[in-house]
Protein chains: 2
Amino acid sequence: MPAGELNARYDKFVVDLLGVIAYGELSAFERLSSDARYSPTLHDRALLGKLAVAEFGHFELVCARLAGMGMDAELAMAPFQREIDAFHDRTRPADWYESLMKAYVVDTISEDFYASVSRFLDADTQSVIAEVRTGETESTVLAARLHQMLADDPKLSSRLALWGRRLVGEALTQAQRVGRRQRFLVGLMPGGAEQAAGEVEKIMASLTRNHSKRMSQLGLTA
Amino acid sequence: MPAGELNARYDKFVVDLLGVIAYGELSAFERLSSDARYSPTLHDRALLGKLAVAEFGHFELVCARLAGMGMDAELAMAPFQREIDAFHDRTRPADWYESLMKAYVVDTISEDFYASVSRFLDADTQSVIAEVRTGETESTVLAARLHQMLADDPKLSSRLALWGRRLVGEALTQAQRVGRRQRFLVGLMPGGAEQAAGEVEKIMASLTRNHSKRMSQLGLTA
């Protein structure tokens, strides 16, 4: 394969990746800050608001990187709008407990996903992704709040376990759909589509495994 | 009146003022970021999102000041929750045009209000309010976007003029209700309730006048 073609494929991969991250962070910001309003206390409203603001910061970082590559962020995001909107529409939290759980699941799976694709990336893009992955503090805050919530009201466990399964199911279904359509990783693998499919499967399996581990840590059946 | 009593009244005034500002900014953040989702373009979504994030920054500033005074921000905000929520519930934007207009009206009236109470405040509180009043850039951005929107679709004028009148009417009604209940300025005036009522009336009149001026600048009948 000529080097020019390889570069073009790599660039498309990076633009797609940054596009999906940007739109994901923008949507997470909007949904989380709307959900914040239903928090039981003003303290919790401020907590979710702060997390939402951090997501907006990530969105801006990724847009800046796209602009630096001479790419229009809107164009880069457009192919992912439908599936990400569909994910959110299909997983509208019924109350604040479900919002908090959704924030945690989306946050941690995104983190895992960013980590698992980082090894395919050049140093510059890696460092943008690393900045977006400042989320460890956020996940820790969310996990602590969820722990407390489940301790206060153990009856929530079974409902939230079910909700966690739905969230991860919807997230991975939409991700698979996007991945297939955008031929995720295909251009980068010497083994082509088959090898790419294998890599994608590995990523998906590891996202699911880590998710289950986190649910267990919360005392929920994954 | 003994100095201790005067201090206590002044402190209550400041805590009330910071409480209403904090809750106002938190609510504006939540409403604006939820509305952002209905923007016609991703560019506009990012624009409203950025404004919302600035409001959250103001909320945090004011909370930090309250904490510095040894005050619980939640307690300070609580007396204003009902009226501010009522304002937002009674002025739900029907679409993105109305959201943008609402953001502009709320933003500029808040700015005016902050400016008009600043002269009653000590230097420290004044400087917090001044930091919250970084909004001039925001108002300019909103005004420019509204101008463009009205130029693109002149038929919007009459609807938005009406909407602007409703917004300011609701805002001032709720403000008056809060002001009466919290005995706004009363403790600070040598002339007591009567003098305070006069000052409040002057503030209200100037808010209305400035609002009308801004509507005219947009080519709308106020």
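Residues numbered from 1 in each chain as written. Chains lettered and ligands numbered in written order. Predicted model: local features only at pLDDT ≥ 70, side-chain atom pairs only at ≥ 80, totals over all residues. Heavy atoms only, no water.

1. Overview of the overall build of chain A
Short version of the rule: By definition, any uninterrupted DSSP run of H or I lasting at least four residues is a helix, any uninterrupted run of E lasting at least two residues is a strand, and each is numbered from the N terminus. Values of the radius of gyration come from C-alpha atoms, whereas the globule rule sets the reference at 2.2 Å times the count of residues to the power 0.38. Summary of the burial criterion: residues with accessible area below 20% of their type's maximum are buried, those above 50% are exposed, and those between are partly exposed, where the area comes from a 1.4 Å probe applied to protein chains only. We call two residues in contact when some of their heavy atoms are within 4.5 Å.
Helix and strand counts for chain A come out as nine helices and zero strands. A compact globule built from 222 residues would reach a C-alpha radius of gyration of about 17 Å, and chain A, at 18 Å, matches this within 12%. Counting over 222 residues, chain A shows a buried share of 51%. For chain A, contacts bridging at least 24 residues in sequence account for 80% of all contacts bridging at least 6.

2. Quick look at helix α7 (residues 136-152) of chain A
Residue and element names in this part refer to chain A. Condition: Residue count minus one, scaled by 1.5 Å, sets the expected span of a helix. Note: the arc covers the axis-to-C-beta directions of the helix.
The terminal C-alpha atoms of α7 lie 24 Å apart, and with 17 residues this matches the ideal 24 Å at 1.5 Å per residue to within 8%. Among all positions of α7, only Glu138, Ser139, Leu142, Ala143, Arg145, Leu146, Met149 and Leu150 are buried. Seen from one end, α7 has its buried residues packed into an arc of 165°, which puts them on one side. Turned more than 90 degrees from where α7 packs its buried face, Glu136, Thr137, Thr140, Ala151 and Asp152 sit exposed.

3. Examining the nonpolar core
The test is simple: Within this scheme, the nonpolar core is defined by two criteria: the residues are buried Ala, Val, Leu, Ile, Met, Phe, Trp, Tyr or Cys, and they are joined through side-chain atoms within 4.5 Å.
One finds Met101 of chain A together with Met101 of chain B to be the most contacted residues of the largest nonpolar core, which totals 137 residues. Not counting the four nearest positions on each side in its chain, Met101 of chain A is found in contact with Leu146, Leu160, Trp163, Gly164, Leu167, Met215 and Leu220 of chain A.

4. Some points on the environment of Leu146 of chain A
Residue and element names in this part refer to chain A. Among the structural elements, Leu146 can be located in helix α7. Remark: the alpha-carbon pair of Leu146 and Arg119, spanning 27 residues in sequence, is separated by 31 Å. For Leu146, the residues in contact, after removing those within four places along its chain, are Leu100, Met101, Tyr104 and Leu218.

5. Regarding the confidence of the model for chain A
Note: predicted coordinates in regions of low pLDDT should not be interpreted at a detailed level. Residue and element names in this part refer to chain A. Counted only if it meets this: Within a predicted model, pLDDT stands for the predictor's per-residue confidence, ranging from 0 to 100.
On average, residues of chain A score 90 in pLDDT, and 96% of them are at 70 or above. Element-level mean pLDDT values for chain A span from 88 in helix α1 (residues 3-36) up to 94 in helix α3 (residues 73-77). Interface confidence for the predicted complex, expressed as ipTM, amounts to 0.82; the pTM equals 0.88.

6. Points about the interface of chain A and chain B
What counts is decided by this rule: Once two parts are put together, the accessible area they lose, assessed with a 1.4 Å probe and summed over both, is termed the buried area. We define a salt bridge as a side-chain nitrogen of Lys or Arg found within 4 Å of a carboxyl oxygen belonging to Asp or Glu. In protein, a polar contact requires one atom able to donate a hydrogen and another able to accept it; more generally it is a pair of N or O atoms within 3.5 Å, and residues adjacent in sequence count only if both atoms are side-chain atoms. Residues are grouped as follows: Ala, Val, Leu, Ile, Met, Phe, Trp, Tyr, Cys and Pro are nonpolar; Asp, Glu, Lys and Arg are charged; all remaining types, including Gly, are polar.
The interface is formed by 25 residues belonging to chain A together with 25 residues belonging to chain B. Of the roughly 2,200 Å² buried between chain A and chain B on both sides combined, carbon and sulfur atoms contribute 56%. For the pair chain A and chain B, the number of links is four salt bridges. As a salt-bridge pair, Lys50 of chain A and Glu60 of chain B come within 2.8 Å of each other at their nearest N and O atoms. Remark: the boundary between chain A and chain B carries 10 residue pairs in polar contact (both at pLDDT 80 or more). When contributions to the side of chain A that touches chain B are tallied by element, the ones reaching two or more residues are α1, α2 (42-68) and α3 of chain A. If you tally residues by element for the side of chain A that touches chain B, the top one is α2 of chain A, at 11 residues. Residues of the side of chain A that touches chain B, tallied by class, amount to 11 nonpolar, seven polar and seven charged.

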